Every structure is written in C-alpha cells, then in structure tokens.
Amino acid sequence: MLSIIEQIKQGKLWDFHGGIHPAENKDLSNKSPIVNAGIPQELVLPLKQHIGSKGDIIVAVGDNVQKGQPLTQGDIAMCVPVHAPTSGTITAIEQRTTAHPSGLSDLCIVIVPDQQDTWCDKTTYADYEDRDPAELIDAIRLNGIAGLGGAGFPTARKLQGGLGNVDILIINAAECEPYITADDRLMRDYAEEVIEGVRILRHIISPKLTIIGIEDNKPEAIQALEQHVKEDDNILIRVVPTKYPSGSSKQLVKILTGREVPSQSRSTSVGVIMQNVGTAFAIKRAIIDGEPLIERVVTLTGEAFKERGNVFAMLGTPIAYLLDKFGYKADKKHPRVIIGGSLMGFTLPHSNVPITKMTNCILAPKRKELPLHTYEMACIRCSACADVCPSSLLPQQLQWYAKDQNYEKCEEYNLQDCIECGACAYVCPSEIPLVQYYRQAKAEIWARSQDEINAERARQRFEAKQARMDRDKAERENRFKKAAESRREEMAKTGGDDAVAAAIARVKAKQAAAQNEKPEVKPAVAAAIAAAKAKQAASAQGATSETLPDNSEMAKLREERKRQARERKAEKEAGESTASASSNDSKKDAVAAAIARAKAKKAQKAQQASEQKAPVADTAVENAEVDPKKAAIAAAIARAKAKKEAQQAQSESTSEPVAETKDVDPKKAAVAAAVARAKARKAAQQAEAQSESTSEPVAETEVVDPKKAAVAAAVARAKARKAAQLAEAQSEVTPEPVAETKAVDPKKAAVAAAVARAKARKAAQQAEKQSVTPEPTAETEAVDPKKAAVAAAVARAKARKAAQQAEVQSETTPEPVAETEAVDPKKAAVAAAIARAKARKAAQQAEAQSETTPEPVAETEAVDPKKAAVAAAVARAKARKAAQQAAKEQQNIEED
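Residues numbered from 1 in each chain as written. Predicted model: local features only at pLDDT ≥ 70, side-chain atom pairs only at ≥ 80, totals over all residues. Heavy atoms only, no water.

A. Representation of the sheet that holds strand β7 (residues 105-113) in the model. Read from one edge of the open sheet, 4 strands run β2-β7-β6-β4, paired in antiparallel fashion. If you trace the sheet from one side to the other, it starts and ends with β2 (43-46) and β4 (64-65), each paired once. Here β4 pairs with strand β6 (residues 88-97) via 2 bridges, running antiparallel. Among the inter-strand pairings, asparagine 64 is bridged to a residue of β6, identified as threonine 89. (Pairing = 2+ DSSP bridges. Helix = DSSP H or I, 4+ residues; strand = E, 2+ residues; numbered from the N terminus.)

B. View of the nonpolar core. Of all hydrophobic cores here, the largest spans 59 residues; its most connected members are Leu71, Ile111, Leu159, Ile204, Ile212, Leu225 and Ile287. Take this core: its biggest share by element is 8 residues, from helix α5 (residues 191-205). Contact partners of leucine 225, with chain neighbours within four places excluded, come to Met187, Ala191, Val194, Ile195, Ile212 and Ile237. Formed by 20 residues, the second largest nonpolar core is a distinct cluster that contains Val311, Ile355, Ile362 and Ala364. (Core = buried A, V, L, I, M, F, W, Y, C linked by side-chain atoms within 4.5 Å. Buried < 20%, exposed > 50% of the residue type's maximum accessible area, 1.4 Å probe, protein only. Contact = heavy atoms within 4.5 Å.)

C. Up close: empty space enclosed by the protein. Throughout the structure, instances matching the rule amount to 7 cavities of 30 Å³ or more. Empty space within the second largest cavity amounts to approximately 180 Å³. Those elements that provide at least two residues to the lining of the second largest cavity are α4 (182-189), α8 (277-289) and β12 (295-301). The leading source of residues in the lining of the second largest cavity is α8, at 4 residues. (1 Å grid on protein atoms, 1.4 Å probe; cavity = no way out; pocket = protein on both sides within 12 Å on 5 of 7 lines; lining within 4 Å. Points joined across faces, edges and corners; volume = space filled by probe spheres on them.)

D. Seen up close, the packing of α5 against helix α6 (residues 219-228). In contact at an axis separation of 9 Å, α5 and α6 are set at 60 degrees when each is read in the N-to-C sense. Judged by the angle between their axes, α5 and α6 are oblique. When the axes of α5 and α6 are compared, the crossing they make is right-handed. Residues Ala191, Glu192, Val194, Ile195 and Arg199 of α5 pack against Ala224, Leu225 and His228 of α6. In terms of residue class, the contact of α5 with α6 is made up of 5 nonpolar, 1 polar and 2 charged. (Axes fitted to C-alpha atoms, helices over the stretch in contact; angles between N-to-C directions. Parallel < 35°, antiparallel > 145°, perpendicular 65-115°, else oblique. Left-handed = near helix turned anticlockwise from the far one by under 90°. Nonpolar A, V, L, I, M, F, W, Y, C, P; charged D, E, K, R; others polar.)

E. Spotlight on unusual backbone geometry. The omega torsion of the bond from tyrosine 244 to proline 245 falls at 5 degrees, within 30 degrees of zero and hence cis. Tracing the sequence through the fold places proline 245 in the loop between β10 (235-240) and α7 (249-257). If you check the backbone angles, aspartate 117 has positive phi at about 55 degrees while not being a glycine. Considering the arrangement of structural elements, one finds aspartate 117 in the loop between β7 and α2 (133-142). We note that glutamate 420 has phi near 55 degrees; this positive angle belongs to a residue other than glycine. In this fold, glutamate 420 is placed in the loop between α12 (407-412) and α13 (423-427).

F. Structural context of the state of the cysteines. Evaluated as defined, the whole model comprises 0 disulfides. The cysteine cysteine 176 is free of any disulfide, with cysteine 421 supplying the nearest cysteine sulfur at 8.7 Å. With relative accessibility at 16%, the residue cysteine 176 sits in the buried group. Residue cysteine 418 stays outside any disulfide, its sulfur separated by 6.3 Å from that of cysteine 424, the closest cysteine. (Disulfide = S-S within 2.5 Å.)

G. Highlighting the pairing of strand β13 (residues 309-314). Here β13 lies mainly inside the structure; 6 of its 6 residues are buried. The side-chain alternation of β13 yields two buried faces, one formed by Gly309, Val311 and Ala313 and the other by Asn310, Phe312 and Met314. Inspection of the sheet shows β12 paired to β13 by 6 bridges, in the antiparallel sense. Bridge pairing links threonine 299 to asparagine 310 in β13.

H. Inspection of α2 at higher detail. Along α2, the positions that sit buried rather than exposed are Leu136, Ile137, Ala139, Ile140 and Arg141. Where α2 is buried, its residues meet α3 (155-162), α5 and α8. Sitting at the head of α2, aspartate 132 places a side-chain oxygen 3.1 Å from the backbone nitrogen of alanine 134. Looking at the residues trailing α2, positive phi occurs at glycine 144, about 70 degrees. (Polar contact = N/O pair within 3.5 Å; in protein donor to acceptor, adjacent residues only side chain to side chain.)

I. Local environment of the packing of aromatic side chains. Per the stated rule, a full pass over the model turns up 5 aromatic pairs. Feature note: the residues Tyr190, Phe281 and Phe312 constitute an aromatic cluster, connected by ring pairs. Cation over ring: arginine 285 sits above phenylalanine 312, and NZ or CZ is 6.0 Å from the ring centre. (Phe/Tyr/Trp six-rings, centres within 6.5 Å; stacked < 30°, edge-to-face > 60°. Lys NZ or Arg CZ within 6 Å of the ring centre and 35° of its normal.)

J. Representation of the pattern of salt bridges within the structure. The tally for this structure, following the rule as stated, stands at 33 salt bridges. For lysine 67, the salt bridge identified is with aspartate 117, shortest N-O distance 3.0 Å. Taken together, the residues span a long stretch of sequence, with lysine 67 in the loop between β4 and β5 (72-73) and aspartate 117 in the loop between β7 and α2 at a distance of 50 residues. A residue is classified by how much of its surface remains accessible, and lysine 67, at 10% relative accessible area, is buried. A residue is classified by how much of its surface remains accessible, and aspartate 117, at 26% relative accessible area, is partly exposed. Glutamate 412 is paired through a salt bridge with lysine 409; the nearest N and O atoms lie 3.5 Å apart. Taken together, the residues glutamate 412 and lysine 409, both in helix α12 and 3 residues apart, mark about one turn of the helix. Taken together, the salt bridges that share partners define one network made up of Lys122, Glu193, Lys284, Arg285, Asp289, Glu291 and Glu295. (Salt bridge = Lys/Arg side-chain N within 4 Å of Asp/Glu carboxyl O.)

What follows is the structure, encoded as structure tokens:
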C-alpha cells in the first residue's frame, strides 16, 4: 500500500464535509498590481496584534524613533514585538479603538511620522542555510512576524512546535474568502520572494514534502509560482477545486493529505504544519532583507471604492486615510466599512481604526451589492446549516444553547471546533446570524475558563503559602526542641539542673497554691463584722425615718392631680377620636366647627355677663349704707347691660357659622336654619321677659330698710352659689348605663336627644312667660306688705335664673340633628341619657329655687301688698306647673 506522501505525489486529492460556492467577486480588485499606500499623518499601533500576550513598552512619549525600531519586547514565544513602521515622534500612549468585532479600545502607541522614512540598523541572514534553525526562529520572533492569513498566531511559536514532529509543510495559497485578492496579487507580483520564503521554512523544519495548495480560480498566480520553483526544491504546487472554506487550516489539510485534525487540536498533531503565503513573504523580508513586519498587503474592494485594488499599507495606518485616498464614496442610506470578507468579516464602528497584522481586506459595499439582513426569524429545522458545515457540527443546536447561555452544552457539542466560516449563516433561510451567537458564546466560555484558571492559581499559591508556614513552624519547633535538649544535656554533665525549667516549675507551684488556698476567717471576727453591719443598717434606717418629712398629703395631692390629668387626657382623646370619625365628611366637619365656635363665644359672653352681675350684688352688701335710690338705679343699669350682651351674643351665634357652611347638604342646612330661628325666638322671648321683670319704677324702692335689703341680697348670693355648685356637681354625674341601649338605632337615639333638649328649652321659656301673667288668688289678702314684696322679687329672680340655666344647659349639649347620620350607637345612647339627666336637673332646680331663693330687696321697697302677694302666688304656681311639665316630658322621652 502506498504511503500518504506517495499518494500526494501521484496527485491524489481528498474532500471535506459540507462547503458552499458563494459569488467570489474577486475581479473587482485583482486586475491591478500592488501599490504603496504612502505615509499617513498619524500611525496608531496597538500593542496586541496577534494571539498571545502583549509586550513591554520600551519607549516613552516624546521619543524619536526610526523605521524598523522595536517599540515593545517580550521574552516568551507567544509575545510578538511591535516595530515602528516609519521614522517619527511618539506623541501618545493611550487607549484607541482597535480592529476587533467587539469595537473595544486597547492600549496603543501613537506616532507622528516625520516623512523622512529613515531606517534603523538592520540584521540580515543572507546565509540562512548555514544558520541553526533555532537562531532563525528567534530572528523571526524578534522581527514581529505572526500569521498573516487572519488568525495571527505567532510564527516562531508554530515553527518551534513543529521541529522534529512534522513531515509535511503546507503553504496555504487557497484564499477562498470572497472579495479578498491580497495573496493572489502577492503571488503574481512577488512570486520569487514567496518561493524564497518557502525555502527558508523548509530549511528550518526539514519536512519530507512541501505542498503549495492553491485554488483553481488563480491561474496567473499558479503560473508565476511554477516559474520560480526548481526541481531540487522538493515543492509541489497542488491545485485544488474552488470551494469555500477550503482555505481553512483543517479543511486544507484534509484536502491535500487526507488526514483529519482531531477536535480542539492543531495540524501539528497529525504531522503537518501550515503557513500562509503572506507569512512566507514576511519571513523572506525578515531573514534576508532584515526588515521586520511593518507593512502588509491589504485589499481595497467594494463598489463604494472608486479605486479598487491591493496596497502595501503600513501597520497602524488609519482606515480613514485609505478611504480618503482611494476614493471611497459611502452609500447614502447604509454606509458600511467591513474588515475581512463578506462571510467572515465584521463591520467597523467608525473609520478611525488602524491596520493591524491580521487585516487583509477592507470591504466597502453598497446596499444592492451586499444586502443587509432585515430581521431574524425562527429556525424551521431545515438542516441546511448542518449540511454545509465543514466541521461536521450541528449549528442549530449550538445556536439554541448559545442563545440560552447554556455554555456547558455548547462545549459538549464541540463549539470550539467551529471555524466561524459563516457557511451556516449564508444558507440559513431564516437569516439567523449564527456566527455572532458562536463568537459571543466562545468569548464567554474563554472568560469563564480564565476565571477558573486564576482561581486555581490563587488556590495553589495559598496552599503553597500554608505549606511553607507549616514547614517553617515545624522547623522552628524542632530547633527549639534541639536547643532545650542540648541545654539539659549540658546541665546534666555539669551536675546542675535546668534553670529555666526549675523557674517555670516554681511559678506554676505558686500559682496552684494561691488558687487552692482559702482565706481563714475567725469566728470572733465574723461576729464583730455582722454586729457592725446590723448597727450601721439600724442607724441608717433611724436617721432616714427622723430626717425624712411626712409627705403623705403632698403625695395624695400629686396623685389627685395625676388622676385629673389622666381624665382630661382621656376626654381629649375621646374628642379627637370622635373628630377623626366624623372627619370623613368635610361638610359635617365645617358645620360642627362653626357650631362649636358659636357655642364657645356664647358661653364666654354669658360668663362675662354673670361676672358683671355678681359685682353688682356684692356692692349691695358692701355698701349697705348707700342711698337706696342709687342702688336701685345701679341694679337697673346692670340688668340693661346683661340684656344687651345677651342680644349681641345671640346675633353673633346666629350669623357666624353661615360663612363656613357654604357646601353643606340641603337637609343639614335646613335643620341648622331651624335651630337658628328657634334660638332667635328664644332670645327675643327672654329679652321681653327680662324687660317686663325689670320695668318696675325705681321710685318704689324708697321705703325699704337698707340693712334688710343688704341681708336679703347676701342670702340671695349664697343661695346662687349653692345652686351653681349643685348644678356643677350634677353635670359631673355619670350618665345612665349604656348597657340598656346597645340595640338602639343611631338615628333614633340622636333624634330623641335633640327632642329632649328642645323640650327642656321650651319648658324654660313657658316658665318665663307664665311668670309675667298675674293670676289673682285668695291667699294674698293677709300677707305682710314687706314679705310679699320680698317673695315677689324672689320669684322673679328664680324664674330668670331658671331660664338662664336652661339656656346654658341647652347650649352646652345640643348637636344639630343633621350631624347624627353617622353617630356611633353607644355615643348616641350616652347623649340621650345625658339629655334626660339634664332635663330632670333643670326641673328640680326650678322647683327648689321657686321655694327657697330670695330676690334682692333693692327692687321691693314700695310694692303694693296685694299685688306682691298675687305675684308671689303666681310665681309659685308657675314653678309647680313647670316642674310637672318637665316630669311629663321626661316620661314621654323615656317612653319614646
């Protein structure tokens, strides 16, 4: 059986799974030779233009550099240095946007060229055949050469890994990506230098066979290479069918050798090493000419370019410079600039992005030339993506897992074997951007793996530190132990003991003895101490009892004040809770506030009036020797002032709440108006009754004895004070138990309370009116004139006082019926009970006062004996009648 090499020499080719045949569009840029792009005004050189780590910067801002001078350095194989593409000055070292699908920025060195293009000293290896391969590999690394096919893998690292492990060297000249013609024109224009670079690679690797794989759509390049290949070079130019992506490393190895590269492995694992045509050209320039990688061939294509073709562009050249120089005219609706081909390229965020070692094409298509993907639709499970996948993957499954961020499943389905060729997205009828999902998932997996690597490294460092600390501790303990043993041995030899051990033992013995010892207390001492303590306690107690005063009375007063404060607080909280319960209706709040203000003002007026009356009566006692006529005149003036103040209070109480009740409910307003009219009528009747009672001429008081009049006035004041105290005590009496009123309807209870108050006021008004009307009786015939006059005055005073008390009580308790719509049942029952109690109190006071209270004698000095007797009888009859009516009304209220 023939070997693989013999089969290859006989011209056998293999095939790979899948693949597509898209429109090539290479004729746009492969018709003209490569030209030089020139020197731009600014060069931006990213530190990382390859796969691997960045180098260390060895220049600073402001330094003048020459062409080919290294700007970074690194000691590891995966670190490739960056060189100055031309001479100039370093103006900045900062973050700039780089040519990457993410559009992120990276650290860059910015050079402003001086247009002199001055070279630095070069190191050449013209006799490379006499050089050691390791020396040439190191020279390749120092000249900054990385793979120019698009991956950017460091060439020196790849060559070092292939030494002694490979038997086939493949030069990739397929260039299968649509639109890209950089390698095609390079082989046409610089075929001799390309072949010389292949010879250098053959010298370093020493393979059994070297193959240049090129697609059949490049006949001019094939012819140019064949002209420069010699028979003793052992180089085969193998033409392969045009099929995308035959230019991929694994796929080209499969086509040319029939060997399959394992999953997540490189071609060196099957004895094959692959280099790009552009890389071979750069190796020739570095080894023979001494020029580092400072420029590369870039294809400028697309209908948006006026001048299409391939150019030698310096690394770091802004793409905007190339667009301006070669006549780029952006599409009006959808301007796009793509780095790479139409299948594997990515759109730039802006044109101020530099050329790097991996940039092989700048595509500027118009909208009709390369249509935009409108929107992504759902997968229809057509399996077209799986049929064309060159890596024999399941793209639809990978897309689902990548979209769901199930990266474990993505790795299980070999996502890392995806070469991101874009064949699956090209044939997808749902226009799903599959490659974008794969790139994102790969980046996330890589980030997670880096985190795991860092965590593992941190764990190893921590464990190593702990082991070192434990080892140091053990060594230290052993050292101390050996020192102690040697010391004991020396002490034993000299006949002494270990001084340190003896001292430690003595200290421990003392501590143990101190802990075990307990203080001994003698019985006599203990007894003396106890007696002293008892005596001290007794003396302290006696001194306290002697020195402390008896504050029991003050404590009682303090407790009484606290109790009163608690009661006031409870009443205030009850009022606040009632106000908060009624605050749901703003109209009711307005009416209640107006009525409360009116009541407060009226009560204040009444109090002031009573205070003004009291001094008038007091002056009668104090001025017993005053002229009787002047006393009568003063009494009349006081009564007139009291009537006037009462009228003013009534007018204010009826007029003030009107302004605040504009938005009151009609029914409530009607009730309030009725209440106001009733109060007005009552006030008029009271004024009329008082005017009748005080209309007697003052001249009738001339004959009364001044001393008796003073005595009578004093008696009247005493009785008035007593009646006021009784009224105050009764007002504090606890209302009837509410337990009987649990089932009372709130509206009915409120109406009953209002009726009770109205009846009490009516009884008082009738008592006043009846006290004016005289009824002759037979009992007045033999009455003493002075006693009769005194009795009549007393009767009138009682009637007036009863009326005033009834009015005051009616003002302190009434509430408009309109406000009882939302009353709590318990509160309504309590209000009804209070009203009944007050009605009974008013009746009792009226009856008691009609029998006991005397009238000031100042008005009864010259009264006719018969008329006085009649008036007294009438007053007593009216008082009895008023009491009977109040009792009947109370009974009716209780029945209701």
